[in-house]
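What follows is each chain in one-letter form.
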Amino acid sequence: MELSKISYIGEKIKNAKEIKMTQLLKIEILVTVISIILGTLLHFTYQWSNGNLFVASFSAVNESVWEHLKLIFFPMLIVGIIEYFFVKNITKNYLEAKTIGIFIAICFVVVSFFTYIGIIGTNAFIIDILIFIISIVLGEYIAYKLMKRKNESDIKTLVLSGIILLFLFSCFVLCTYFPPKVNLFRDPVTNSYGINDK
């Protein structure tokens, strides 16, 4: 009798975990779609705002690779903050998982873009769009896989994740106005850098 009770309780716990993981997967799929849509919109918001300096901080102000990384970082960050309130009771390592996902998505764009440009010698709009979509899907997928693990946050990993996100946030904002004169920040259409070099 005791064994059957223990077995029943174990089965209920297992089912509850499976339900939570299913909920997490559904939320992650929705988050991925919303991030892609928001990232697409941020490509145009600076232009739609008639060059508003505040909007420039989180929107693409030119066609450089760096400015297009904003279309990945800010949507994943903003949607991720909202998502937290829906999954905080499901996962125990949310901030760390999301930070890694965002970082990998950014790295994927940089590596993929410069690799294919190096191979074919020019950029192709369709390939750029595919890289953008794949990067967000990849980043969110990795975040999801990490959140499924039983690893719990500790103060060190939380602080490190917060520092990384704050550093990236600061870099994206500051480099909009004060970009280094290197290829990552160069607009291939106008050969300009950032917002003040037009």
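In what follows, the structure referred to is the one given above.
A brief look at the structure comes next. (Residues numbered from 1 in each chain as written. Predicted model: local features only at pLDDT ≥ 70, side-chain atom pairs only at ≥ 80, totals over all residues. Heavy atoms only, no water.)

Okay, the packing of helix H5 (residues 94-120) against helix H6 (residues 125-148) next. Close contact between H5 and H6 brings their axes to 8 Å; oriented N to C, the two are set at 150°. Overall, the two elements H5 and H6 adopt an arrangement that is roughly antiparallel. Of the two elements, H5 crosses H6, and the hand of that crossing is right-handed. Grouping the constituent residues of the contact of H5 with H6 by class yields 18 nonpolar, four polar and three charged. (Axes fitted to C-alpha atoms, helices over the stretch in contact; angles between N-to-C directions. Helix = DSSP H or I, 4+ residues; strand = E, 2+ residues; numbered from the N terminus. Parallel < 35°, antiparallel > 145°, perpendicular 65-115°, else oblique. Left-handed = near helix turned anticlockwise from the far one by under 90°. Nonpolar A, V, L, I, M, F, W, Y, C, P; charged D, E, K, R; others polar.)

Attention now goes to the packing of helix H4 (residues 65-87) against H6. It is the contact of H4 with H6, at a shortest axis distance of 11 Å, that shows an interaxial angle of 35°. Crossing of H4 against H6: the hand is right-handed. Residues Leu71, Ile72, Met76 and Glu83 of H4 pack against Phe132, Ser135, Ile136, Gly139, Glu140 and Met147 of H6. Class assignment of the residues belonging to the contact of H4 with H6 gives a composition of six nonpolar, two polar and two charged. (Contact = heavy atoms within 4.5 Å.)

The subject of this paragraph is the nonpolar core. Counting residues in hydrophobic clusters, the biggest one holds 27 residues, and the most contacted among them are Ile72, Phe73, Ile106 and Phe172. Secondary structure elements with two or more residues in this core: helix H1 (2-42), H4, H5, H6 and helix H7 (155-177). If one sorts the elements of this core by residue count, H4 sits on top with nine residues. Discounting chain neighbours no more than four positions away, the residues touching phenylalanine 73 are Ile102, Ile106, Leu165, Leu168, Phe169 and Phe172. Core analysis: the next-biggest nonpolar cluster, separate from the first, contains nine residues, Ile90, Tyr94, Ala143 and Tyr144 among them. (Core = buried A, V, L, I, M, F, W, Y, C linked by side-chain atoms within 4.5 Å. Buried < 20%, exposed > 50% of the residue type's maximum accessible area, 1.4 Å probe, protein only.)

Moving on, we get to the environment of glycine 162. Counting through the fold element by element, glycine 162 comes out in helix H7. Assessed through its relative accessible area of 32%, glycine 162 is described here as partly exposed. C-alpha separation for the pair glycine 162 and leucine 95, spaced 67 residues apart in sequence, amounts to 7.8 Å.

That is the geometry; function is a separate question.
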